[in-house]
Amino acid sequence: MSTPQVVVHRDKELMAKAAAARLITKIVDAQAARGSASVVLTGGRNGNALLAALAESPARDAVDWARLDLWWGDERFEREGDPERNVTQAREILLDAVPLDPARVHAMPASDGTHGRDVDAAAAGYAAELAKASGPEDHGPVPTFDVLMLGVGPDTHVASLFPEHPAVRETERTVVGVHGAPKPPPTRISLTLPAIRAAREVWLLAAGEDKANAVAMALSGAGEIQAPAAGARGRRRTLWLLDRTAAAKLPPQLYPPASA
Ligand SMILES: O=C1O[C@H](COP(=O)(O)O)[C@@H](O)[C@H](O)[C@H]1O
């Protein structure tokens, strides 16, 4: 697993634009190297800001949208089209405006889908979809995502893995149903840490003062059960993309020299 690298941007708007530019380059490079690309999207303010910046970027036309697989790191277990669902927000901000192949948009199940209100069955269904998409080169039940993005909550949660919650302790399953999440809505679906760690690159996005303690804690050696963000690492790269306010409480030795 890779050691975290930190990049600090002046403010959250610039952070979103720079991350969008970085993502476009990554997708274009993956498509050139392997024919297609796979990206795991996150919900939350920073993930949505990145998608909005991507939607506005003229460089978005460099992406071959039909050769892109989209997955989600977590989802609020609500009815299809519910405005709280991460996929609903992503569709409104970007996905409906680009020529994606619908068969390659792997939304997590809704509570009125095939599995009904059984969130554990829905999570198992998503795990099966991931396993079907993975090949021998992936050495496991999850595809080697090119980039997996995660927002970081003020409590250090990533995806729907909350501190000390059963889901963050999962070591076998790749996707779990989350019951009683401390942040509403309480019922969710989440990739687990082992699934997150299958990604080539993991990018953690955090902007704003309310994230400063979480960022400092996760990067200062906290355990992943107490600080789930600390356990989110990519096989090749783990990148923390921050704005100055979110980076404000980092110990000086963790602050990148170029942004000091
Ligand atoms: O509920 C969620 O929250 C996190 C963080 O969101 P933010 O608005 O504080 O940035 C998000 O990453 C996750 O996908 C989402 O379901």
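Given the structure is predicted, the values throughout are model-derived calculations rather than measurements. (Residues numbered from 1 in each chain as written. Predicted model: local features only at pLDDT ≥ 70, side-chain atom pairs only at ≥ 80, totals over all residues.)

## Examining the site of the ligand
Then comes step 1: Around the ligand lies a shell of 15 residues, among which Thr42, Gly43, Gly44, Arg45 and Gly151 are the nearest.
Then comes step 2: Within the residue set of the shell around the ligand, elements represented by two or more residues are α2 (44–56) and β5 (147–151).
Then comes step 3: Per-element accounting of the shell around the ligand gives the leading share, 4 residues, to α2.
Then comes step 4: Split into classes, the residues belonging to the shell around the ligand amount to 2 nonpolar, 10 polar and 3 charged. (Near = placed C-beta within 6 Å. Helix = DSSP H or I, 4+ residues; strand = E, 2+ residues; numbered from the N terminus. Nonpolar A, V, L, I, M, F, W, Y, C, P; charged D, E, K, R; others polar.)

## What about the nonpolar core?
Then comes step 1: Core analysis: the biggest nonpolar cluster contains 77 residues, and Leu50, Leu150, Leu204 and Leu205 have the highest contact counts within it.
Then comes step 2: Examining the composition of this core, we find that 7 residues originate from one element, helix α1 (residues 12–34), more than from any other.
Then comes step 3: For Leu150, the contacting residues outside a window of four places in its chain are Thr42, Gly73, Val158, Ala159, Val202, Leu204, Leu205 and Ala232. (Core = buried A, V, L, I, M, F, W, Y, C linked by C-beta atoms within 7 Å. Buried ≥ 20, exposed ≤ 12 C-beta atoms within 10 Å, placed from the backbone. Contact = placed C-beta atoms within 7 Å.)

## A closer look at the sheet that holds strand β2 (residues 37–41)
Then comes step 1: Strand order in this open sheet of 6 strands is β1-β9-β8-β5-β2-β3, and the pairing throughout is parallel. Bordering the open sheet on either side are β1 (4–9) and β3 (68–72), each of which pairs with just one other strand. The sheet shows a mean angle of 20 degrees between the axes of neighbouring strands, direction not considered.
Then comes step 2: Where β1 lies against strand β9 (residues 237–243), 6 bridges are found, and the strand directions are parallel. When the bridges of β9 are listed, Val6 appears paired with Trp240. (Pairing = 2+ DSSP bridges. Axes fitted to C-alpha atoms, helices over the stretch in contact; angles between N-to-C directions.)

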